Amino acid sequence: MEIAGRELPEGSWWDWEVIVWDVGQLRLAAGHDLTHHHGLELVFADPVFVCCPHAFQDPVFRAPTAEETARLTRSLGGTPPVVVAFEADGGGPEPVSCLVAAERLDILPGFVPRHPGAGARAAPAPRDWPGAPLPTD
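Below or above, wherever it landed, is the structure these notes cover. Small disclaimer: the values here were computed from a predicted structure and weren't measured.

Cut-off values and rules
- Going along each chain's sequence as written, the residues are numbered from 1 onward.
- With pLDDT at 70 or above as the cut-off, local features in this predicted model cover only qualifying residues; side-chain atom pairs require 80 or more to be listed or tallied, and sums for whole chains, interfaces and linings still use all residues.
- To obtain the side-chain values, all non-hydrogen atoms of the structure were used and water was disregarded.
- Here the aromatic set is Phe, Tyr and Trp, taking the six-membered ring for Trp, and pairing holds for ring centres within 6.5 Å; pairs whose planes are under 30 degrees apart are stacked, those over 60 apart are edge-to-face, and all others are tilted.
- Per the convention used, a helix needs a DSSP run of H or I reaching at least four residues, while a strand needs a run of E reaching at least two, with both numbered from the N terminus.
- Relative accessible area decides the class of each residue, using a 1.4 Å probe on protein chains only: under 20% of the type maximum gives buried, over 50% gives exposed, and in between gives partly exposed.
- Within this document, salt bridges are pairs made up of a side-chain nitrogen of Lys or Arg and a carboxyl oxygen of Asp or Glu, the two lying within 4 Å of each other.
- Any two cysteine sulfur atoms within 2.5 Å of one another count as a disulfide.
- In what follows, residue pairs with any heavy atoms lying within 4.5 Å of each other are defined as contacts.

1. Overview of the packing of aromatic side chains
- Within this structure, the stated rule accounts for 4 aromatic pairs.
- Considering the side-chain rings of F56 and F86, the 5.2 Å spacing of their centres and the 35° angle between planes classify their relative orientation as tilted. In this pair, F56 is assigned in strand β7 (residues 55-62) and F86 in strand β8 (residues 82-89), connecting sequence segments 30 residues apart.
- Exposure remark for F86: the relative accessible area of 1% places this residue in the buried category.
- Ring geometry for F61 versus F86: centroids 5.1 Å apart, planes at 55°, classification tilted. Of this pair, F61 sits in strand β7 while F86 sits in strand β8; the two residues are 25 residues apart in sequence, bridging distant segments of the chain.
- In textbook terms, an aromatic cluster arises when at least three aromatic residues are bridged by ring pairs, as seen for W16, F56, F61 and F86.

What follows is the structure, given as structure tokens:
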């Protein structure tokens with residue numbers, strides 16, 4: 001699966017959820033079941049436009065259309081460095097079209113528990129992927 005010209009790591013990225021959305025970042029978690037953990041995070045740094053549901057499934061990422069790009073250019077006074085468009089199952093009868101524009105996109109693979117216990121990291125770190133987890137003392 002490709003997003004903004006970059007390949008996502010192999011995995012079952014069916015279930016998606018917004019876990020942080022503030023002025024500095026939009027952070028999406030992905031996995032095959034987000035109940036206990038997730039294995040991928042997309043971090044959009046300095047988001048300037050976000051149109052997507054809080055939770056969705058099975059996104060199909062694509063290049064933004066000319067109309068979407070023109071709308072962003074008119075609204076924002078220019079086109080941001082990262083523009084991501086996709087269709088996804090938002091829980092309704094029809095797929096929902098989504099659009100995110102930001103200054104940067106970071107793709108962070110790695111195991112993250114949904115409810116970290118004492119000493120657990122709350123975000124993936126580069127050493128978490130690929131391979132088995134590091135031994136703990």
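2. Focus: the pattern of salt bridges
- Applying the stated criterion to the full structure yields 4 salt bridges.
- The salt bridge partner of R27 is E41, with a shortest N-O separation of 2.4 Å. Here E41 lies in strand β5 (residues 37-45) and R27 lies in strand β4 (residues 25-31), a separation of 14 residues in the sequence. The burial state of R27 is the same as that of E41; both residues are buried.
- E87 is the partner of R62 in a salt bridge, and the nearest nitrogen-oxygen pair spans 2.7 Å.

3. Some thoughts on the state of the cysteines
- Applying the stated criterion to the full structure yields 0 disulfides.
- C51 takes part in no disulfide bond, and the closest cysteine sulfur to it belongs to C98, at a distance of 6.4 Å.

4. Thoughts on the environment of T69
- Looking at the secondary structure, you find T69 in helix α1 (residues 66-76).
- Given a relative accessible area of 26%, T69 falls into the partly exposed group.
- Residues T69 and P80 lie 11 residues apart in sequence; the distance between their C-alpha atoms is 9.5 Å.
- Apart from the residues lying within four places of it in its own chain, the contact partners of T69 are P64 and T79.

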